[in-house]
Amino acid sequence: MRIPSTLTQNRSLAAIVLGTCGLAFSFSARAAASPDAPPVILIQNATILTVSHGTIEHGSVLIKDGKIVEIGASIKAPKDAQVVDAAGQFVIPGIIDCHSHIAVDGSVNEGSVSVSSIVNIADVLNPDDIDIYRDLAGGVTVANVLHGSANSIGGQTVVIKLRWGQPAAKLPFEGAVPGIKFALGENPKRSNFSLPGATPRYPTTRMGVEETIRTAFVEARDYKKTWDDYDKRVAAGDKNAIPPRRDLRLDPLVEVLEGKRYVHAHCYREDEILMLLRVAKEFGFKVRTLQHVLEGYKVADEIAAAGTGASTFSDWWAYKVEAYDAIPYNAALMTRRGVIVSINSDDAEEATHLNQEAAKTMKYGGLTHDEALKLVTINPAIQLGIDKRVGSIDVGKDADLVIYNHDPLSAYAVVQKTLIDGRVYFDRQRDIADRGAREMEKKALMEKEKRAGEKKPDATIEIGKRPGAKPEEKKSEEKPKPPQADAVSGGAL
Amino acid sequence: MKSLQRTLRFVTLVAAVSTVSLGAFAQSQPPSVVALTHAKVFTLAGSPIEDGTVVIRDGKIVAVGASVEVPAGAQVIDAKGLQIYPGLFDPITQMGLSEISAVNATVDTTETGPYNPDVVAATAVSPSSEHIGVTRASGITEVLAVPDSGGFDSGGSRGLIGGQASAIHLAGWTIDEMTIKKSVAMVISWPQMETRSFDFATFSIKNKPFSEAKQDYEKQVNELADYLDRARHYAQAMGHGGPADYQRDLKLEALAPAVRGQLPVLIFADRSRDIRNAVEFCDKQKLKMILAGGEQAYRVKDLLRSKGISVILRPTLTLPPEEDDAYDRLLSQPAELAAAGVKIAFGSFDNSFARRLGQQAANAVAYGLPYDEALKAVTVYPAEIFGISDQVGTLETGKLANIIVTNGDPLELTTEVKYLFIKGQSTSLDNRHLRLYEKYLNRPKAAAAN
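So, how was this worked out
- Residues numbered from 1 in each chain as written.
- Chains lettered and ligands numbered in written order.
- Predicted model: local features only at pLDDT ≥ 70, side-chain atom pairs only at ≥ 80, totals over all residues.
- Heavy atoms only, no water.
- Helix = DSSP H or I, 4+ residues; strand = E, 2+ residues; numbered from the N terminus.
- Buried < 20%, exposed > 50% of the residue type's maximum accessible area, 1.4 Å probe, protein only.
- Contact = heavy atoms within 4.5 Å.
- Areas by Shrake-Rupley, 256 points an atom, 1.4 Å probe, with all protein chains shown as cover.
- Pairing = 2+ DSSP bridges.
- Axes fitted to C-alpha atoms, helices over the stretch in contact; angles between N-to-C directions.
- Parallel < 35°, antiparallel > 145°, perpendicular 65-115°, else oblique.
- Nonpolar A, V, L, I, M, F, W, Y, C, P; charged D, E, K, R; others polar.
- Polar contact = N/O pair within 3.5 Å; in protein donor to acceptor, adjacent residues only side chain to side chain.
- 1 Å grid on protein atoms, 1.4 Å probe; cavity = no way out; pocket = protein on both sides within 12 Å on 5 of 7 lines; lining within 4 Å.
- Points joined across faces, edges and corners; volume = space filled by probe spheres on them.
- Domains from an automatic or database assignment.
- Buried area = accessible area lost by both parts, 1.4 Å probe.
- Salt bridge = Lys/Arg side-chain N within 4 Å of Asp/Glu carboxyl O.
- Phe/Tyr/Trp six-rings, centres within 6.5 Å; stacked < 30°, edge-to-face > 60°.

Caption draft 1: Representation of the overall build of chain A in the model. For chain A, the count of helices and strands is 13 helices and 16 strands. Among the 493 residues that make up chain A, the fraction classed as buried is 62%. Long-range pairs, those at least 24 residues apart, make up 70% of the contacts in chain A between residues at least 6 apart in sequence. Of the accessible surface of chain A, which amounts to about 17,800 Å², a share of 54% is contributed by carbon and sulfur atoms.

Shown next as structure tokens:
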């Protein structure tokens, strides 16, 4: 018997235990993640890094109904405002992670086919994934949750806000353009994965990856034409027109052709980057972002000319052959050549310090403080088409903010509070204060489990413990880790 | 001399450093005496020295202080505005043992079979590894190359006794020139009690009942104890005669220093239960234990302190092992251990992420570890833990001149290393990444970009 290990998350179970034991403490730590937003919050005395219009020392930000309504040197606290004194602290826009696999229930790869556009990550969001909270505690407010990279054309993707404590339906970023994952190179050609005795899946070369994508778009174009013809006939008053058969695999690709769905393409080498840009041009769509794009610095002019964004790692390299030419100067070099660049995580842990990863570009390539901060705020917002809502501290934008105790581009900075839509979803002091209660809650549950176990001596108890082989750690697509369960279904390593 | 030229190019590239005697650098014979002057010197063996001087002669530090005279004929590097520290020390890496972790042919980290005490890391360290230059540029001057050390290259399967870790300088034409000490610890991976495991044969997850997992675990521990007993008897035989008197067994012979308590055992364990069992085991076996990993070391901190066991901590940049751990569990652990009197050091447990060593230490400071302790945990503490503090770890007279000159706090993300000395030699900061950067920085604007 195995009981849920995330005790505090399973509220119904917790409620049962509380009822049984008659414990009266409130476990507000995580339950508090869904409070009613106070109508008005004033953050004052902070160093405000607006990203869009410089730094305001001893500044204030006024939040009303989840939006930023005023920014300035001194704002008088309105009546009933909740005042956050952030003296000596720094406020930045919420961090946007342009490549994430958090909040996904189960594997991120439908690896059985080379075109898996039929599946959608939005269908399998898991709001109870503890990594949402951990990344929130690292200042992340928005994540581009992607399908894995086992397929040349992968699954559909979704942009979420890290509204910890809210149901899955409340996670998606309202109005954000949906995406689709593409992947080039070693992963879709399955270079580093093979099942003993299994027949290789097409493609097994970069040549084949191109043809897989091209073939799919030829099909999508033909399919689109059948619909366009049908629509024309209907518009012309043809009552006998029969609609074409829906193709759920091709529908998302038609959306790509129509510019209604963004392509986020996993890639490494310069040749495959140019290949995809050529294929996209051939079919008349834009690649919205190149993901990882570790050799992007070699073809930065071409990427800039295509109007394509680049979302990369700070300093990962050498975990596979296509990552051997990766350099930490990549982000800075591409920025200097006019590419909109972001730094992403691809990993729940890496996401907890994206501010630090952005800071490294000041050392590697000499970006300014402002340019470095943009890599995890406004630039990913632009890449995801949500920059009118988030990415900088401006009047009218969502109150997605992070408060640090130091300059966020330092290894010594610690997140104090993270706000989304004007609500405090993470508060370090509250987290610390509630630890005792959580510990008690855990103990109570373990006691209960122990008593149940005594009745059934053979029961296997696994409380609060991950299985030894860490098969559940499937959240990193690229970060080199020991083989995981994900590998079974076509994972990344 | 290409490398020295690169050093110079790097220096001019990144910043205007105060007057440097460039001519001396370009000579083919490095000067035997170098004086670094007017810097703030952090010796880590006392208070920092404002406006200090460090004099290097024949690879060693011969003078450190505020009022040190510069010897006649010394090459002088005016380091005004800069800071001098001992080079950083990463005590768990697979440096030189693994180049591209996904390509098996480039990986020599892990021998097959459960008992390999006789294999020595230094044997397989490739002095040409690109990781060496990249890591060095981040201010790391020496590392331990650790066989079977898990990390990102382990591929999941590990033996029980992995082999001998070697302490190496990150410079040298050959491994002999690089070696500080060939054998500094015997690597043991503590058996894990696993109810779920990944089976490579069938590429699937296997479940087994707890009772069976426990049995398997105990079997492994008992076998390890038997093996060490054999080594102990063998060591006794060795003491009672020459090689002619007994049949040589290289594996048992290699274990002799460990069972005699002369060579520490570096035990990889993370869960508190495993750590406790390992401590008890080493106590019984009279092994000198160093703990590696230690994700749950905080749960047994008093035990570790009372036994005098030091911990090489897994990167703080790791998610907590348990879902209901505090989100900052691994970030706050270093402070907790240090406060309890446990000696800690940070390790990257990797190659390509080795340059994050300073970041790891700084993050621990952000969550409560005193700064001085963090700095020592990446310099002098690992040197002490592995018994080579007579050679490296601090800036003191008589020690090897493994030195970095920086423009700030060496743990901070944006700090640049301006000069680096290994065994007193000014050592290139050039590396694969810098070369590629310079190459593509100078790529002419693409004529017809699509």
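Caption draft 2: Local environment of the sheet that holds strand S9 (residues 179-189) of chain B. Residue and element names in this part refer to chain B. The sheet built from 8 strands is open, its strands ordered S6-S7-S8-S9-S12-S13-S14-S15 with mixed pairing. This sheet does not close on itself; its edge strands, each paired only once, are strand S6 (88-93) and strand S15 (344-346). Going from strand to strand, the sheet's axes swing by 25 degrees on average, the running direction of each strand aside. Where helix H11 (residues 357-366) meets the sheet, it contacts S6, strand S7 (140-145) and S15, and its direction lies at approximately 135 degrees from that of S15.

Caption draft 3: Expanded view of the packing of helix H6 (residues 210-239) of chain B against helix H7 (residues 250-259) of chain B. Residues and elements named next belong to chain B. At a closest axis distance of 8 Å, the pairing of H6 and H7 adopts a crossing angle of 90 degrees. One finds that H6 runs roughly perpendicular with respect to H7. Side by side, H6 and H7 meet where Tyr227, Leu228, Arg230, Ala231, Arg232, Tyr234, Ala235 and Met238 of the first sit next to Lys251, Leu252, Glu253, Leu255, Ala256 and Val259 of the second. The residue makeup of the contact of H6 with H7, split by class, is 10 nonpolar, no polar and 4 charged.

Caption draft 4: Structural context of the side chain of arginine 432 of chain B. Mapping arginine 432 of chain B onto the fold places it in helix H14 (residues 432-441). Within the structure, arginine 432 of chain B has its side chain in polar contact with the side chain of aspartate 325 of chain A (distance 2.6 Å). With residues up to four places along the chain from it excluded, the contact list for arginine 432 of chain B reads Trp317, Tyr324 and Asp325 of chain A together with Glu130 and Val134 of chain B.

Caption draft 5: Looking closely at empty space enclosed by the protein. For the structure on display, the rule yields 8 cavities of 30 Å³ or more. Approximately 290 Å³ is the volume attributed to the largest cavity. The wall of the largest cavity is formed by 26 residues, among which Gly138, Thr352 and His353 of chain A together with Leu331 and Tyr367 of chain B lie closest to the centre. Those elements giving two or more residues to the lining of the largest cavity turn out to be helix H9 (354-363) of chain A together with helix H10 (329-339) and H11 of chain B. Counting residues per element, the lining of the largest cavity draws most heavily on H10 of chain B, which supplies 3 residues.

Caption draft 6: How the structure looks around the pairing of strand S5 (residues 83-86) of chain B. All names here are of chain B. Alternating positions in S5 separate into two faces, Gln83 and Tyr85 on one and Ile84 and Pro86 on the other, with burial throughout. Across 2 bridges, the pairing between strand S1 (residues 33-41) and S5 is parallel. Directly across from valine 41, in S5, lies its bridge partner isoleucine 84.

Caption draft 7: How the structure looks around the domain arrangement of chain B. Residue and element names in this part refer to chain B. Splitting chain B by domain gives domain 1 (30-86 + 393-432) and domain 2 (88-392). One C-alpha centre belongs to domain 1, the other to domain 2, and the line joining them spans 30 Å. Counting residues at the interface gives 25 residues for domain 1, matched by 31 residues for domain 2. Its largest share of buried area at the contact with domain 2, domain 1 owes to Leu44, Gly393 and Leu411, together 28% of the area lost on that side. Across the contact surface, domain 1 and domain 2 share 1 salt bridge. The tally of links from domain 1 across to domain 2 stands at 8 residue pairs in polar contact (both at pLDDT 80 or more). For the side of domain 1 that touches domain 2, the secondary structure elements donating two or more residues are S5, strand S16 (403-406) and strand S17 (417-422). Among the elements that take part in the side of domain 1 that touches domain 2, S17 stands out by supplying 4 residues, more than any other.

Caption draft 8: Main features of the side chain of serine 311 of chain A. Residue and element names in this part refer to chain A. Here serine 311 lies in strand S12 (residues 309-312). A relative accessible area of 0% places serine 311 in the buried class. Here the side chain of serine 311 touches asparagine 344 through a polar contact of 2.8 Å, side chain to side chain. Among residues more than four places away in sequence, those in contact with serine 311 are Cys98, Leu290, Gln291, His292, Val293, Ser342, Asn344 and Gln383.

Caption draft 9: Structural detail: the packing of aromatic side chains. All names here are of chain A. Tallied over the full model, the rule gives 21 aromatic pairs over all chains. Note on tyrosine 133 and phenylalanine 426: the rings are 5.9 Å apart at their centroids and 70 degrees apart in plane angle, and the pair reads as edge-to-face. With a gap of 293 residues between them, tyrosine 133 in helix H3 (residues 130-136) and phenylalanine 426 in strand S16 (residues 423-427) connect regions that are remote in the sequence. Relative accessible area serves as the criterion here: at 0%, phenylalanine 426 is assigned to the buried category.

Caption draft 10: Quick peek at the sheet that holds strand S11 (residues 289-292) of chain A. Residue and element names in this part refer to chain A. Here we have 8 strands laid out as an open sheet, ordered S6-S7-S8-S9-S10-S11-S12-S13, and mixed in their pairing. The open sheet is flanked by strand S6 (95-100) and strand S13 (341-343), the only strands paired with a single partner. Averaged over neighbouring strand pairs, the angle between their axes works out to 25 degrees when direction is ignored. With 4 bridges connecting them, strand S10 (residues 262-267) and S11 associate as parallel partners. Paired with histidine 266 across the bridge in S11 is glutamine 291. With respect to the sheet, helix H6 (residues 270-283) is in contact with strand S9 (179-183), S10 and S11, its orientation differing from that of S10 by roughly 160 degrees.

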